[in-house]
Every structure is written in C-alpha cells, then in structure tokens.
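Here is what each chain is made of, one letter per residue.
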Amino acid sequence: MKKINYYNYNEDGFCLTEKLPDEFIENLKKILSFSKFENFKLGNTELKIFSFDLKNNLVDECLKKVIQTIQENTNIDKSFLEKNFTNRVYLTEDDINSEHRNQKFHFDSYPSIKMMIYLSDNSEDSSGSTVLLKGSAKSSLMKKINFLRYFYVPGKNGMNNNKEIDKLKKSCEKISASNCKYSALIFNTDTLHCAGKIKKENFKRLNVRFDFNLNRKSGVYLDNIYTRVSNIYSRVFN
C-alpha cells in the first residue's frame, strides 16, 4: 500500500485520518442496520439519508466520536460542532457506472464541514475517492463567493462552465483523497471538490457522511425571504 499523506486541514482545506477504532466502526454499522432511510435520486445512483436519534445512547456515543475526531484533526471547538451538526447522515454507494452532478468540481452553496468515513477500501486512486483542489478555499474565487453570500446563495443553481473554476482546476494541485478502509476524509466544502470516477471493475465505493454547518451569512436569510414571497405571489396570482 502506498504511503498516505494526511495533509493539513487549516492550510489545505482538508485532511485524512488514520483508521478509526474498531469499536466505533462496529457501532456505526449497528446504527446503519436499524436506521430508517429516505432515498434520494442522484443521477443514476441513489443517496440514502437518515436522521440521528440522539436519545439512543449508541447513536450519541457515535456522534461524540465523530466530533472528537474532527476536533483533533482541525482544532475546531467541540461546542461549535455539537451546535452545528445537521442531524442528517448520508450513505452513498457508487460503482464504475455511476454518473451524477457531484462528479464535477464544485463548492457547496451552504458551506459546511464534512466528515466522510470510508466503509470500502479506497487506498487506490482508481477507487473513485473524492478529488479536491488543494488550497482552493483560500482562492480569490472563494473570497468573492464569501462576499456574495451576504446578499444571496451563490452556486445554488449550479456553477457549470465557470471560467474561474476552470482556472483553479489548472493552477491547483488535484488530490485524490485515497485512504484505507475505515479511515475518514474531513474537509471544508469551500475547498473545490468532486466525487472521483471509479475505474475498478466489480468495486463499490461505500461511505457515510456527517455534515456540520459553518457560519452562514445574511444571504441565506434573504434567499429564504425571497423564496417565501415568491411562493405567496405564485399562489395569489396564478
């Protein structure tokens, strides 16, 4: 197995972890076995989503371990992570035939910290691990995007054919976040990223993702107001 470079979250916008404890992984699998999923179509694949029942001791302990792991790798305060957990957990399964919009480089409309746990062995680049543009969270494009977030939600309707993203794809180092089974990727979603294309036959990439909101600017609330007014207008005048 190739040597893993774990990177620096604060400098690079992401980092990789060591293999997570066996007890934590077993507990996570138990939670997946009894959770009720909502299915969401993503291209020709399916995304499974479920909510965390924090009244369940096993679930609560699992989240504490996730938060501890993020804190140890990023130095983000535990209290901030506890407060900003979205309570939505995502289970994705992709193979060589998967085609969806997340395979294009993008930033998330609503910035967050994500921890993605590999339940498959992603130590080979051909296994389709997330690809990130190293340091792109500090680029002039993202500085502009963060300013625009005071007024609206940039990227909400897609960023296809964006010339600045194309420039960053050429100037930033592309990192395939390949790592061993039961390890994790932690990243800031302002780091441009995409789902890697799987090139291995008879292989399924399986991962579980936990999301934590970052501070949102006023554009989110202005966007919500606009959406409500638009909905009222459409009901009244149509």
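Definitions and cut-offs
- Residues numbered from 1 in each chain as written.
- Predicted model: local features only at pLDDT ≥ 70, side-chain atom pairs only at ≥ 80, totals over all residues.
- Heavy atoms only, no water.
- Patch = residues over 30% accessible without salt bridge, like charges linked within 9 Å, V, L, I, M, F, W, Y side chains within 5 Å.
- Areas by Shrake-Rupley, 256 points an atom, 1.4 Å probe, with all protein chains shown as cover.
- Salt bridge = Lys/Arg side-chain N within 4 Å of Asp/Glu carboxyl O.
- Helix = DSSP H or I, 4+ residues; strand = E, 2+ residues; numbered from the N terminus.
- Buried < 20%, exposed > 50% of the residue type's maximum accessible area, 1.4 Å probe, protein only.
- Contact = heavy atoms within 4.5 Å.
- Polar contact = N/O pair within 3.5 Å; in protein donor to acceptor, adjacent residues only side chain to side chain.
- Expected span 1.5 Å × (residues − 1).
- Arc of directions from axis to C-beta.

Draft legend 1. Broad picture of a nonpolar patch on the surface. Taken together, the side chains of Phe147, Tyr150, Phe151 and Tyr152 define a hydrophobic patch exposed on the protein surface, amounting to about 460 Å² of accessible area. By secondary structure assignment, the location of Phe151 is in the loop between helix 5 (140–148) and helix 6 (163–171).

Draft legend 2. Region of interest: the environment of Lys197. Relative to the helices and strands, Lys197 resides in the loop between strand 9 (193–194) and strand 10 (205–213). When its relative accessible area of 33% is taken as the criterion, Lys197 is described as partly exposed. A C-alpha to C-alpha distance of 25 Å links Lys197 and Glu38, two positions 159 residues apart in sequence. Setting aside residues no more than four positions away along its own chain, Lys197 makes contact with Ile96, Asn97, Ser98, Glu99, Gln103, Ser126 and Gly128. Looking at Lys197, its side chain comes within polar contact range of the main-chain oxygen of Ile96, at 2.9 Å. Engagement of the side chain of Lys197 in a polar contact is seen with the backbone oxygen of Ser98, the distance being 3.2 Å.

Draft legend 3. Highlighting helix 3 (residues 57–74). Counted at 1.5 Å a residue, the expected span for helix 3 with its 18 residues is 26 Å, and the 26 Å between its end C-alpha atoms agrees. Those residues of helix 3 lying buried are Val59, Cys62, Leu63, Val66, Ile67, Thr69, Ile70 and Thr74. When helix 3 is viewed along its axis, its buried side chains cluster within an angular range of 155° and face the same direction. Along helix 3, the residues that are exposed and aim more than 90 degrees away from the buried face are Asn57 and Glu72. Capping of helix 3 at its N-terminal end is provided by Asn56; its side-chain oxygen lies 2.8 Å from the backbone amide nitrogen of Leu58. Directly after helix 3, the chain includes Asn75, whose backbone phi takes a positive value near 70°.

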